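The primary structure of each chain is shown beneath.
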Amino acid sequence: DAGVTQSPTHLIKTRGQQVTLRCSPKSGHDTVSWYQQALGQGPQFIFQYYEEEERQRGNFPDRFSGHQFPNYSSELNVNALLLGDSALYLCASSFQGRREKLFFGSGTQLSVL
Amino acid sequence: GNSVTQMEGPVTLSEEAFLTINCTYTATGYPSLFWYVQYPGEGLQLLLKATKADDKGSNKGFEATYRKETTSFHLEKGSVQVSDSAVYFCALSEGAGGTSYGKLTFGQGTILTVHP
């Protein structure tokens, strides 16, 4: 049983570019949450998707957007990249009935130059 | 808003030493409390949790007690091993009915290094 898988594992972009990160949830899970983890900090909640809709959002600008597909996989898009967007982006999945039991992927390390 | 504060790290211990990592929180209502662990190159893993006051979460020799009166959830282990070296995160989630139900708020993390 595969856990949460994220791609790519590493990514290098330049300021102003756009990036798309991908996440496949653990089998049987229908809810996907995205977190940003800056170096030396704890993860910060970006948003959560369930039934292909954004259900909750943290304090992130509109440059951060997402999508959930019918197979429950999800994408995180970041437009107009800033140097401060450099971070580890974590995807977590859960089953809606047990939202607190999150399973995390290993993350995508984004570097913005 | 909700917040979690962890003790400053890094923490360096010898094998078989006693471990305490302090965690305090600020939240409305009755949050659930968690400890997550992040091993090098891996994703976050749930270590233990407690969902109401005076509950004790435990796993792999680690334990933490939900103390509402002191708004704390300190992580302890009686005898650490080299394999416990990792980053430990304290986190909270509002309970059902809260506006942020299902969203985790994390502390900044504490790096633990255990030497043989």
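The text that follows walks through the structure, step by step, so that each part is easy to find. Everything numeric here is computed off the predicted structure, so don't read it as measured data.

Some words on the sheet that holds strand S3 (residues 19-24) of chain A
All names here are of chain A. The strand order across the open sheet formed by four strands is S1-S3-S8-S7, and the pairing between neighbours is antiparallel. The open sheet has two edge strands, strand S1 (5-7) and strand S7 (64-68), and neither has a second partner. Each strand of the sheet is rotated relative to its neighbour by a mean of 20°, with strand direction disregarded. Of the strand pairs in this sheet, S3 and strand S8 (residues 74-78) are connected by five bridges, and their pairing is antiparallel. Each residue of the ladder has a partner; that of cysteine 23, found in S8, is serine 74.

Focus: the state of the cysteines
Residue and element names in this part refer to chain B. Per the stated rule, a full pass over the model turns up two disulfides over all chains. One disulfide in the model links cysteine 23 with cysteine 90; its S-S distance is 2.0 Å. Residues cysteine 23 and cysteine 90 are joined by a disulfide whose S-S torsion is about -70°; by sign, that bridge is left-handed. Separated by 67 residues along the polypeptide, cysteine 23 in strand S4 (residues 23-26) and cysteine 90 in strand S10 (residues 86-93) bring together distant segments of the chain. A single burial state applies to cysteine 23 and to cysteine 90, both of which are buried.

Thresholds, definitions, all that
Residues numbered from 1 in each chain as written. Chains lettered and ligands numbered in written order. Predicted model: local features only at pLDDT ≥ 70, side-chain atom pairs only at ≥ 80, totals over all residues. Heavy atoms only, no water. Pairing = 2+ DSSP bridges. Helix = DSSP H or I, 4+ residues; strand = E, 2+ residues; numbered from the N terminus. Axes fitted to C-alpha atoms, helices over the stretch in contact; angles between N-to-C directions. Disulfide = S-S within 2.5 Å. Buried < 20%, exposed > 50% of the residue type's maximum accessible area, 1.4 Å probe, protein only.

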